[in-house]
Amino acid sequence: MFGLIGWIVGWVLTLFILVMIGRMIVDWAVTLQARGEWVWKVRRVTHAVTEPVLSPVRRVLPPLRFGGFGLDLAFTVVFIAALILRSIVW
């Protein structure tokens, strides 16, 4: 729809979505007490890439708490928004 710029934005959004999926998996691994230096390296990278986008949204939509469990609404909203944007530009 947007030509070359749409293609580039589509790829950037796809990579961002993949990094968000990686962040979700690594965060679960940390919650399940995964061990290994690679876990912390991957976590550091995924958080560095996604946190600048998530933190402003998190200020508006703080995580919901259910006892000891927290549901990060910002992650869900940004993930769905990235999927919708990718479908529009691609």
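Our subject is the structure listed above.
Here the residue numbering is sequential within each chain, running from 1 through the sequence in written order. Only residues with pLDDT of at least 70 are given local features in this predicted model, and only at 80 or more are side-chain atom pairs given and counted; all residues enter the totals for whole chains, interfaces and linings. To obtain the side-chain values, all non-hydrogen atoms of the structure were used and water was disregarded.

**Things to note about the side chain of Thr-50**
- Residue position: Thr-50 is located in helix α2 (residues 37–60).
- For Thr-50, a relative accessible area of 0% puts it in the buried group.
- Among the polar contacts listed, one links the side chain of Thr-50 to the side chain of Arg-23, at a separation of 2.6 Å.
- A polar side-chain atom of Thr-50 sits 2.7 Å from the main-chain carbonyl oxygen of Thr-46. Helix numbering and strand numbering both begin at the N terminus, where a helix is a DSSP run of H or I of at least 4 residues and a strand a DSSP run of E of at least 2. Per-residue accessibility, obtained with a 1.4 Å probe over protein chains only, is compared with the maximum for each type, and a residue is labelled buried under 20%, exposed over 50%, and partly exposed between these values. In protein, a polar contact requires one atom able to donate a hydrogen and another able to accept it; more generally it is a pair of N or O atoms within 3.5 Å, and residues adjacent in sequence count only if both atoms are side-chain atoms.

**Topic: the pattern of salt bridges**
- Salt bridges, as used here, are contacts in which a Lys or Arg side-chain nitrogen is within 4 Å of a carboxyl oxygen on Asp or Glu. Scanning the entire structure with this criterion turns up 5 salt bridges.
- For Arg-43, the salt bridge is made with Asp-27, and the minimal N-O distance between the two is 3.3 Å. Separated by 16 residues along the polypeptide, Arg-43 in helix α2 and Asp-27 in helix α1 (residues 3–31) bring together distant segments of the chain.
- On the basis of relative accessible area, Arg-43 is assigned to the partly exposed category, the value being 29%.
- Ionic pairing is found between Glu-51 and Arg-58, a salt bridge with its closest N-O pair at 2.6 Å.
- A cluster of three or more residues bridged by salt bridges with shared partners is formed by Arg-23, Asp-27, Arg-43, Glu-51, Arg-58 and Asp-72.

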